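Listed here are the chains, written in short residue letters.
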Amino acid sequence: MNTPENAVIAKLLATTAITDLVGQRIYPRIAPQKESKPYLIVLRPEGQVNTQLASGLYTVSWTPIVVACVGNTYNESRTLSGPVTATLNPSGWTGSQTWGSTEVASCQLNDTFDQSTLPQLADEIGAPVEFVAFDLEHAS
């Protein structure tokens, strides 16, 4: 299935700066139980609406995406957020890019925040988690 989450995962897996840190441990929505850290989880926050605009042959959607950077320590989770941000929101981006099989027009950084005390996923309770939030503009 071609989803915005899969597009982000494809981009992260295609980036050596990311795979050098987490290997192939990048998951949609939830990580396997007992997965070794560090790893990344890509998810779409609840309650968000995908605004759509018909543009020629494409429909353009803006989808909120969160990447959870899960580490063994607080510093490790914070350190993971830097390469994630540089990969998904690089400086000097012009034109569209293809991530996996999805055309992406832009990916705007919204926020980074410590989610260790209120984890999104039960498997990450007590683990240091840094969330990085983006708005992904993509063809749909």
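Each value, and the rule that gives it
Sequence order as written defines residue numbering, which begins from 1 separately in each chain. The model is predicted, so local features are restricted to residues of pLDDT at least 70 and side-chain atom pairs to those at 80 or more, both for listing and for counting; the totals for chains, interfaces and linings are taken over all residues. To obtain the side-chain values, all non-hydrogen atoms of the structure were included, while hydrogens and water were left out. In DSSP terms, a helix is any run of H or I states spanning at least four residues, a strand is any run of E spanning at least two, and both are numbered starting from the N terminus. In what follows, residue pairs with any heavy atoms lying within 4.5 Å of each other are defined as contacts. Here the open area of atoms and residues is found with the Shrake-Rupley method and a 1.4 Å probe, where only the protein chains shown may cover a residue. Relative accessibility thresholds used throughout: buried, under 20% of the residue-type maximum; exposed, over 50%; partly exposed, between the two (1.4 Å probe, protein chains only). Buried Ala, Val, Leu, Ile, Met, Phe, Trp, Tyr and Cys residues form a nonpolar core when they are joined through side-chain atoms within 4.5 Å.

**Focus: the overall build of the protein**
And step 1. Scanning the protein for helices and strands turns up three helices and seven strands.
And step 2. Residue pairs in contact within the protein that sit at least 24 positions apart in sequence constitute 60% of those at least 6 positions apart.
And step 3. Accessible surface, the protein as shown: approximately 7,400 Å² in total, 50% of it carbon and sulfur.

**Observations regarding unusual backbone geometry**
And step 1. The omega angle of the peptide bond from K37 to P38 is 5°, so this bond is cis rather than trans.
And step 2. Within the fold, P38 resides in the loop between β1 (26-28) and β2 (39-43).
And step 3. For R29, which is not glycine, the phi torsion reads 70° and is therefore positive.
And step 4. Overall, the relative accessible area of 58% leaves R29 in the exposed class.
And step 5. One non-glycine residue, K34, adopts positive backbone phi at about 65°.

**A short note on the nonpolar core**
And step 1. Grouped together as the largest cluster of nonpolar side chains are 22 residues, with contacts concentrated most on V8, L40, V67, L88 and W99.
And step 2. Among the elements of the structure, α1 (4-13), α2 (16-22), β2, β4 (58-70), α3 (74-88), β6 (102-114) and β7 (129-139) are those that each provide at least two residues to this core.
And step 3. Take this core: its biggest share by element is four residues, from α1.
And step 4. One finds Y27, A31, V129 and A133 within the second-largest nonpolar core, a separate group that totals twelve residues.

**Side note on the environment of G23**
And step 1. Note that G23 resides in the loop between α2 and β1.
And step 2. G23 gets classed as partly exposed once you look at its relative accessible area, which sits at 23%.
And step 3. In the structure, G23 is positioned 15 residues away from P38 in sequence and 8.9 Å away in space, judged by C-alpha atoms.
And step 4. Not counting residues within four places of it along the chain, the set of residues in contact with G23 comprises L13 and I18.

**Thoughts on the environment of T15**
And step 1. Mapped onto the secondary structure, T15 falls in the loop between α1 and α2.
And step 2. With relative accessibility at 16%, the residue T15 sits in the buried group.
And step 3. Sequence separation between T15 and L88 is 73 residues; the distance between their C-alpha atoms is 10.0 Å.

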